[in-house]
Amino acid sequence: MSNTVTRPATGPFPEGFLWGGATAANQVEGAYAEGGKGLSIQDVMPHGITTPPTEGPTPDNLKQIAVDSYHRYVEDIALFAEMGFKVYRFSIAWSRIFPRGDETEPNEEGLAYYDRVLDELEKHGIEPLVTISHYETPLHLARQYGGWTNRELIGFYERYARVLFERFGSRVKHWLTFNEINSVIHEPFMSGGIPTPREDLTDSDLYQAIHHELVASARVTRLAREIMPEAKVGCMILALPVYPLTPAPADVVKAMDTAHASYAFGDIHCRGEYPGYLLRFFRDNGIELEITDQDREDLRNTVDFVSFSYYMSICETADPDHQVQGPGNIMGGVPNPTLEASEWGWQIDPQGLRVVLNDYWERWQKPLFIVENGLGAKDRLVEVDGVKTVEDDYRIRYLNDHLVQVREAIADGAQVLGYTTWGCIDIVSASTAQLSKRYGFIYVDRNDDGSGTLERYRKKSFGWYRDVIAANGANLA
Ligand code: BG6
């Protein structure tokens, strides 16, 4: 900034800012074999991404019950309403609607369940934000078709989305096509339903799988416009700002290359074509994709808004002796020596969120939605004045500091639609499948060994977030 320009003082959050929380079906619902639901890839991932998938479901999989929201959604949504949520992001479990994924007719019981969830949200004036596919590919599509490496999945996904749009289109305004689309490269089974072990997959396989998801995303974006002209469709990206470890130009270029790996999918979603740097990466690495003329035309159906998750930033360096990977971070990256980390080794960087918001806004000029952010931590249930709670000041600090940066980015000019904290109620974590990695404002009495009553308790952060929403962020410190 030049000396003559003063940055405006940070103002309040915009009128109508969508405050809320987010979850995914497989991490909260449980009832893994009820209501006609088929198996999803999550039903064979009892330990998240830390061990290879099992043959079939095993009782040590906490997601079989998760936090039982399938049966307790009325109570849960009432608690969200008590905090004043304006929006609730949740995913629809694909295998509840199409149990195997390749049927021609949907499972009515599955649709009826989400009708009831939407009724409940409507009752409390909470707007739904629906993720169509959140790490929950039907297992049959993974095992019989090879997951998203197979072009046929585009048609299955389109049929599934059409059913959702026709059934829920009058009630759901905001839709997200694929959760964290860029993670397919790193977690092919969880993110792309690809059963082949990562080491046996070529880069061509992985980029072809993402290509199929991108085409599917674009096609359903077009379909959404036909069926629900008022609706808004967004992409969802795992945001990861990349800093050079040193000012050495080689480090800056390395950081740029790594950042491109995430930008690429936002660029395609927002601009409707492959960026030059990605085509170069394909050429340099002998990656050949099957991209038809029809695909190219389909990709032109670009998204209305960009949503993303944000948990951490990383560093990069060109120094071959310094290629240490940070723990717990599925995307890799060199740890930043200036930052502290969570108990799971995820480095905490509130200012990185401002960087992402500015960056994405300037790059794409599309409204932004932060649909995941939060601190996974070990909580201790205590009794205060005879009431069970968790004194989670560390979570309040984390969320406060990130929200202050959102406010800064809005003052910088970024258009931000809303903010949903991840795991607004405790959930089973995705990477490690633990309940002890808690993100919520609401504590759920269930432990890693499966014990617990499933009772819900308000944490200290519950009251804090209620006050933040009530003040539209004016009380952030
Ligand atoms: C995101 C996913 O990657 O991170 C969520 O969209 C996940 O599903 C969240 O839960 C946090 O990761 P974890 O492993 O702590 O649950």
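Reading the values: rules and limits
Residues numbered from 1 in each chain as written. Predicted model: local features only at pLDDT ≥ 70, side-chain atom pairs only at ≥ 80, totals over all residues. Heavy atoms only, no water. Phe/Tyr/Trp six-rings, centres within 6.5 Å; stacked < 30°, edge-to-face > 60°. Helix = DSSP H or I, 4+ residues; strand = E, 2+ residues; numbered from the N terminus. Buried < 20%, exposed > 50% of the residue type's maximum accessible area, 1.4 Å probe, protein only. Lys NZ or Arg CZ within 6 Å of the ring centre and 35° of its normal. Contact = heavy atoms within 4.5 Å. UniProt positions renumbered as here; feature names shortened; annotations may be inferred.

## Structural notes on the packing of aromatic side chains
The final tally for this structure, using the stated rule, is 33 aromatic pairs. Between F165 and W175, the aromatic rings sit 4.9 Å apart at their centres with planes inclined by 75 degrees, giving edge-to-face as the arrangement. Residue F165 is located in helix 6 (residues 152–168), and its partner W175 is located in strand 4 (residues 174–178); the two are separated by 10 residues in the primary sequence. Each member of the pair, F165 together with W175, is buried. Over the face of the ring belonging to W344 we find K378, whose NZ or CZ atom lies 5.3 Å from the ring centre. The cationic tip of R438 hangs over the ring face of Y443; the distance from NZ or CZ to the ring centre is 4.0 Å.

## Digging into the side chain of S307
Turning to its location among the elements, S307 is positioned in strand 7 (residues 305–310). Residues within four places of S307 in sequence aside, it is in contact with L176, C235, M236, I237, F369 and V371.

## Some thoughts on the UniProt feature "active site" (unreviewed entry) in the chain
Here the UniProt-annotated "active site" (unreviewed entry) positions come out as E372. Topologically, E372 is positioned in strand 9 (residues 368–372). Setting aside chain neighbours within four positions, we find E372 in contact with R89, H134, N179, E180, M236, F308, S309, Y310, Y311, T420 and W422.

## Some remarks on unusual backbone geometry
Within the chain, A66 stands out as a residue other than glycine whose phi angle is a positive 50 degrees. Tracing the backbone through its elements, the reader meets A66 in the loop between helix 1 (25–28) and helix 2 (69–83). Non-glycine residue E180 carries a positive phi angle of around 45 degrees. As for its position among the elements, E180 is in the loop between strand 4 and helix 7 (188–192). E180 sits in the buried class, given a relative accessible area of 7%.

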